[in-house]
Amino acid sequence: MYDLLAGLRVVEGSAFIAGPSCGLHLAQMGAEVIRFDAIGGGPDYRRWPLAPGHGGSLYWEGLNKGKKSIAIDLGSPEGRELAVAIATAPGEQAGLFLTNYPVKGFLSHAALKARRDDIITVRVMGWADGSPAVDYTINAAVGIPMMTGPADDERPVNHVLPAWDLIGGAYAAFAMTSALLRRRATGEGAEIRVPLSDLAATSLGHIGQVAEVLASGDRPRMGNDLFGAFGRDFVCADGARLIVVAITPRQWSGLVTALDLGAAVAALETELGVAFGRDEGARFEHRARLFPLFEAGFARRTAGELQPVFDAGGVTWGQYQSLHKAVTTDTRLFTENPQFQTIAHPSGLSYPAAGPAATLAGEARGAVCAAPRLGQHTDEVLATVLGLDSGAIAALHDKGLVA
């Protein structure tokens, strides 16, 4: 945790990944993020993976670390009024609302702006026209599953990493802080919509894939081959599988030298009239001729023999491993990574929890805060944000409007 955003208050009414991850990023940079949920929890409160035993959601407590939680009866007019009042509460450092609720309704930008003219709302959406979608359906629509998988299998391959959700959360945090900077200069609020459909489409445009399909048609499947350069998985003498990537001339020369393939590669260059060291595209175009040479080079040595040679030669490589092995043995990723701190969680489990991915060089990292219990801060939020006294808060509890 850092304190770059200390004093800032963000109100979050969201579920699943993109919206909550935006709130998480802001909270881990020091903002006070108040998340409101329906009494009993929202649609993601019991989402898998679940903790053994009582079944608390490890997913929910991972995405809501460091936030405050208030539980409200959002099905009643009185409960909805409480949510609106919290989102639009006064204060120079307040008036920031994050959601993936529908564009229309009691939490629409227009409804909130009527209560606070300078409010900034960031709304993560599925399709830009308001149609429902999630990461996986957007990914299917933009064609990524049709490019993924073995070359001889036409079935789509759904990706297990919700990339557009994760990008969406980060982009939403960036957009909110950008709008806040403008508001501080001009006093102007903003309505920001972040559709996953637009994130996917623009991202593919940024990396040249829109232009590529217009010029050359759809990219074919190519299994694990790296598109446009040299890269693939190879099996070592001990059965271990490594991936190597050679994009730059230095990466290429280091790999060729480490595998003692200089003479064989030079002979192939002479035969084909190319210079692999200078032309990464040539390495891709002639990968069918290069791969057998490298397969033989890997097969001659074990992974343990190759790894120090690769490191000494500046080779860009990685070893395939399960997530369990990475979490339990990989010092760079998990076991000695200062981004993780072992803490107790609402599920009753103690395990390493991730802090912010960014590191502020020379500044101490604060403690990683656990996710709240559902409704843990209900009374605190009602008192500090809305200024209610104990009697008014007790009356809300008695009516079942908060929990």
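This report concerns the structure included in the present document. (Residues numbered from 1 in each chain as written. Predicted model: local features only at pLDDT ≥ 70, side-chain atom pairs only at ≥ 80, totals over all residues. Heavy atoms only, no water.)

## Some remarks on the nonpolar core
Using the following cut-off: We define a nonpolar core as any set of buried Ala, Val, Leu, Ile, Met, Phe, Trp, Tyr and Cys residues linked to one another through side-chain atoms lying within 4.5 Å. Partly exposed describes any residue whose relative accessible area lies between the buried limit of under 20% and the exposed limit of over 50%, with all areas from a 1.4 Å probe on protein chains only and scaled to the type maximum. Helix and strand labels come from DSSP, where a helix needs a run of H or I of at least four residues and a strand needs a run of E of at least two; each type is numbered from the N terminus.
In terms of nonpolar packing, the biggest core is built from 32 residues, with Val10, Leu26, Ala31, Leu96, Val122, Met176 and Ile192 touching the most fellow members. Elements that contribute at least two residues to this core include exactly helix H1 (18–28), strand S4 (96–99), strand S5 (120–125), helix H7 (163–186), strand S6 (190–195) and helix H8 (196–206). Broken down by element, the residue count for this core peaks at seven residues, all from H7. Ranked by size, the runner-up nonpolar core spans 25 residues in total, among them Phe234, Leu242, Ala246 and Trp252.

## Examining the packing of aromatic side chains
Both the distance between ring centres and the angle between the ring planes are used here to describe each pair of aromatic rings. We apply this condition: Note on aromatic pairs: the rings of Phe, Tyr and Trp (six-membered ring only in Trp) are paired at centre separations within 6.5 Å, and the planes decide the class, stacked below 30 degrees, edge-to-face beyond 60, tilted for the rest. The rule for a charge over a ring is simple: NZ of Lys or CZ of Arg within 6 Å of the ring centre, and within 35 degrees of the ring normal.
One pass over the full model with this rule turns up 17 aromatic pairs. A centroid spacing of 5.5 Å and a plane angle of 55° characterise the contact between phenylalanine 230 and phenylalanine 291, whose relative ring orientation is tilted. Taken together, the residues phenylalanine 230 in strand S7 (residues 230–235) and phenylalanine 291 in helix H13 (residues 287–299) connect sequence positions 61 residues apart. Of the two residues, phenylalanine 230 and phenylalanine 291, neither departs from the other in class, the shared state being buried. Aromatic rings pair up to connect Phe230, Phe234, Trp252, Phe276, Phe291, Phe294, Phe298, Phe310 and Trp317 into one cluster. Of note, arginine 219 hangs over the ring of phenylalanine 227, and the distance from its end group to the ring centre comes to 3.5 Å.

## As for the sheet that holds S6
Here is the rule we go by: Pairing between strands requires that DSSP locate at least two bridges from one strand to the other. Comment: axis = line fitted to C-alpha atoms, over the contacting stretch for helices; angle = value between 0 and 180 degrees taken between N-to-C directions. The contact definition used throughout considers only heavy atoms, calling two residues in contact when any of these lie within 4.5 Å.
Taken in spatial order, the six strands make up an open sheet running S3-S2-S1-S4-S5-S6, and their pairing is parallel. Edge positions in the sheet fall to strand S3 (68–72) and S6, since each has one partner strand and no second. Mean inter-strand twist for the sheet, computed between neighbouring axes without regard to direction, equals 20°. Sheet analysis places strand S1 (residues 9–13) next to strand S2 (residues 32–38), joined by four bridges and oriented parallel. Counted as the bridge partner of glutamate 12 is arginine 35 from S2. Along the sheet, H7 contacts S1, S4, S5 and S6; its crossing angle with S6, the most-contacted strand, is approximately 165°. Against the sheet, H8 engages S5 and S6, with an angle of about 70° to S6.

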